[in-house]
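Chain and residue survey
Here is how the chains run, residue by residue.
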Amino acid sequence: MENLLRFDTGLMIWTWITFIIVLVVLGTKAWKPMIKALEDRENFIRESLEEAKAARKEADKVASEYEAMVAKARQEAQEIVAAGKDTAERMKTEILNETQVKSAGILKQAEAQITTERDKAISEIRTQIVDISIAAAEKIIVKSLSREDNERLIKDALKDYGQN
Amino acid sequence: MAQGGHETSTNIGEQIIAHVANSGEMIHFELFGINLSITKHVIMLWIAASLLITVALYASRKYRSEKRPIPSGFTNAFEFVVDFVRTGILIPTVGKNHVLKWGPLVMSFFFLILTMNFLGLMPMFNYINHGHGGTTPTGNFNMTAALAIITFFAIIIAGVLEHGFFRYWKNMIPGNVPKAVLIILIPIEVMSMFVRPFALTMRLAANMTAGHIAMLAIFAPIFILHNAYVGVASVAMNVGITFLEIIVSIVQAYVFTLLSSVFIGQSIHPHH
């Protein structure tokens, strides 16, 4: 039993010396490079994941922007088409109105002209009838009636004619 | 015959102790009046250290030459254990920022203790000293005490490096404590400073010795009863115990390393 619990300063000192050698040799040549490599790998993986996440976010953003742009362009196109239709409709109405107004004017003018022409023709006919009647009456009753009598008679006759 | 059997059984305790204890001086060596004689445990320590240095240098060769090495085969297996110590022991105790500073010490503890624990399991070192017992160097409390003393100083150095000499000692006493409590608290803190390495020493040494004592005790009936059938049963049981001892070797290396790392971490981050 004394053997098992014997103090052995020699073993303690050898343990320290050996441990320090292990610590110095492996500390510089094995543990530190390995810990650094593991930390570096860990950081590299984490950064790569973060970058991938950021890239995906950016791609999503670009895609949504693109979608918004397409939607906006579609809406604008629809607006342009709608505006074109409106303009065409308005122009059609304007043209129709204008044409109606113009044709109404032309019609009115034509009617006025016709009326004028008719009045003129009637008065011409009247004059000619008077002349012809006078001439005829003159020939028939050239001596029996004076000129004043003839005119009076003709006027009376014409008055009747006008009434008829 | 009966007397002989009786003699063996009374001697069996001593026999077992002799088998788990260190050998006597194999080469006498003295320096400045200190006995530095070479014993079996010193030789086993050197074998363990040489083996560990060789294996670790071989396994880590890629890490010294390449910037971002991709491990394979044995290097990969070795890296797995190193990463286990890093993420399982170092990061949770000393914190991520102190891993590079305290990693080498903690890694050296773990791997050296583990190698020595495993060496003790190999039944070949009895031949070093003319058939004397195949013992475990980590079952010798002188060695575990030497390792625990390293932990003891590492705890103080870690605290002093982090907080400065005076702040470190002040950190041991929590703030806002009535003076009357301090009368009890200070002796307790001082005691715990010494109890912790003492517990580390005894836990490792006792655990590593216990397995060998159990195995030898199971073998003892062979020599007491001189019966071959007992031998079959003893060997079968000891095969089982050897598997158990493999687990104990890993667990005890882990426990010593983890507790050392926890104490160093407590010194760096007090009041947690």
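None of the values given here were measured: they were computed from a predicted structure. (Residues numbered from 1 in each chain as written. Chains lettered and ligands numbered in written order. Predicted model: local features only at pLDDT ≥ 70, side-chain atom pairs only at ≥ 80, totals over all residues. Heavy atoms only, no water.)

**Remarks on empty space enclosed by the protein**
Residues and elements named next belong to chain A. The full count for this structure, using the stated rule, is three cavities of 30 Å³ or more. Put simply, the second largest cavity is a space of about 50 Å³. Mapped by element, the contributors of at least two residues to the lining of the second largest cavity are helix H1 (9-141) and helix H2 (147-163). Of the residues that constitute the lining of the second largest cavity, the class distribution is two nonpolar, one polar and three charged. (1 Å grid on protein atoms, 1.4 Å probe; cavity = no way out; pocket = protein on both sides within 12 Å on 5 of 7 lines; lining within 4 Å. Points joined across faces, edges and corners; volume = space filled by probe spheres on them. Helix = DSSP H or I, 4+ residues; strand = E, 2+ residues; numbered from the N terminus. Nonpolar A, V, L, I, M, F, W, Y, C, P; charged D, E, K, R; others polar.)

**Focus on the interface of chain B and chain A**
Across the boundary between the two partners, chain B contributes 54 residues, which contact 39 residues of chain A. Applying the counting rule to chain B against chain A returns three salt bridges. As a salt-bridge pair, Glu42 of chain A and Lys96 of chain B come within 2.9 Å of each other at their nearest N and O atoms. Taken together, the connections running from chain B to chain A amount to six residue pairs in polar contact (both at pLDDT 80 or more). Mapped onto the side of chain B that touches chain A, the elements with two or more residues apiece are helix H1 (2-20), strand S2 (34-35), helix H2 (40-59), helix H3 (61-65), helix H4 (74-94), helix H5 (99-121) and helix H6 (141-163) of chain B. With 10 residues, H5 of chain B is the single largest residue contributor to the side of chain B that touches chain A. When the residues that make up the side of chain B that touches chain A are grouped by side-chain class, the tally is 35 nonpolar, 12 polar and seven charged. (Contact = heavy atoms within 4.5 Å. Salt bridge = Lys/Arg side-chain N within 4 Å of Asp/Glu carboxyl O. Polar contact = N/O pair within 3.5 Å; in protein donor to acceptor, adjacent residues only side chain to side chain.)

**A closer look at the side chain of Thr93 of chain B**
All names here are of chain B. Relative to the helices and strands, Thr93 resides in helix H4. Here the side chain of Thr93 touches Ser261 through a polar contact of 2.6 Å, side chain to side chain. Contacts of Thr93, omitting those with residues within four sequence positions, involve Leu258, Ser261, Val262, Gly265 and His269.

**Things to note about H5 of chain B**
Along its 23 residues, H5 of chain B runs 31 Å from first to last C-alpha, staying within 8% of the 33 Å computed at 1.5 Å per residue. Burial analysis of H5 of chain B places 20 of its 23 residues in the buried class, which makes it a mostly covered element. (Expected span 1.5 Å × (residues − 1). Buried < 20%, exposed > 50% of the residue type's maximum accessible area, 1.4 Å probe, protein only.)

**Observations regarding the nonpolar core**
One finds Trp31 of chain A together with Phe111 and Ile264 of chain B to be the most contacted residues of the largest nonpolar core, which totals 64 residues. Of all the secondary-structure elements, those providing two or more residues to this core are H1 of chain A together with H2, H4, H5, H6, helix H8 (179-225) and helix H9 (228-268) of chain B. The leading source of residues in this core is H5 of chain B, at 13 residues. Residue contacts for Ile264 of chain B: discarding those within four places in its chain leaves Val94, Trp102, Leu105, Ala154, Ile155 and Ala158 of chain B. (Core = buried A, V, L, I, M, F, W, Y, C linked by side-chain atoms within 4.5 Å.)

**As for the packing of aromatic side chains**
Under the defined criterion, the tally for this structure stands at 12 aromatic pairs over all chains. Ring geometry for Trp31 of chain A and Phe111 of chain B: centres 4.8 Å apart, planes at 20°, overall stacked. Here Trp31 of chain A, found in helix H1, pairs with Phe111 of chain B, found in helix H5, and the two come from separate chains. In this structure Trp31 of chain A comes out as buried when scored by relative accessible area, which is 0%. On the basis of relative accessible area, Phe111 of chain B is assigned to the buried category, the value being 5%. Each ring, one from Tyr58 of chain B and one from Phe74 of chain B, has its centre 6.3 Å from the other, and the planes form 35°; the classification is tilted. (Phe/Tyr/Trp six-rings, centres within 6.5 Å; stacked < 30°, edge-to-face > 60°.)

**Here's the deal with the packing of H6 of chain B against H8 of chain B**
All names here are of chain B. Remark: H6 packs on H8, axes separated minimally by 8 Å, with the N-to-C direction vectors making an angle of 145°. Handedness of the H6/H8 crossing: right-handed. Contacts from Phe141, Thr144, Ala145, Ala148, Thr151, Phe152, Ile155 and Ile156 of H6 reach H8 at Met193, Phe194, Arg196, Pro197, Leu200, Thr201, Met202, Leu204 and Ala205. Tallied by class, the residues present in the contact of H6 with H8 amount to 13 nonpolar, three polar and one charged. (Axes fitted to C-alpha atoms, helices over the stretch in contact; angles between N-to-C directions. Left-handed = near helix turned anticlockwise from the far one by under 90°.)

**What to know about H6 of chain B**
All names here are of chain B. Here H6 contains 23 residues, and its C-alpha end-to-end distance of 32 Å stays within 8% of the 33 Å for a straight helix at 1.5 Å per residue. Capping of H6 at its N-terminal end is provided by Asn140; its side-chain oxygen lies 3.0 Å from the backbone amide nitrogen of Asn142. Gly164 lies just past H6 and shows a positive phi near 90°.

**Section: the environment of Ala77 of chain B**
In this fold, Ala77 of chain B is placed in helix H4. For the pair Ala77 of chain B and Ala59 of chain B, spaced 18 residues apart in sequence, the C-alpha separation works out to 9.0 Å.

**Comments concerning the pattern of salt bridges**
If you walk through the whole model with that rule in mind, you get five salt bridges over all chains. Two residues, Glu79 of chain B and Arg41 of chain A, come together in a salt bridge whose shortest N-O distance is 2.6 Å. Note that Glu79 of chain B is positioned in helix H4 and Arg41 of chain A in helix H1, a pairing that runs across two chains. Here Glu79 of chain B falls in the buried class, since its relative accessible area comes to 7%. Put simply, Arg86 of chain B and Asp83 of chain B hold a salt bridge, and the shortest N to O gap is 3.0 Å. Of this pair, Arg86 of chain B and Asp83 of chain B both sit in helix H4, three residues apart, roughly one helical turn. Sharing partners across several salt bridges, the network here consists of Glu42 of chain A together with Asp83, Arg86 and Lys96 of chain B.

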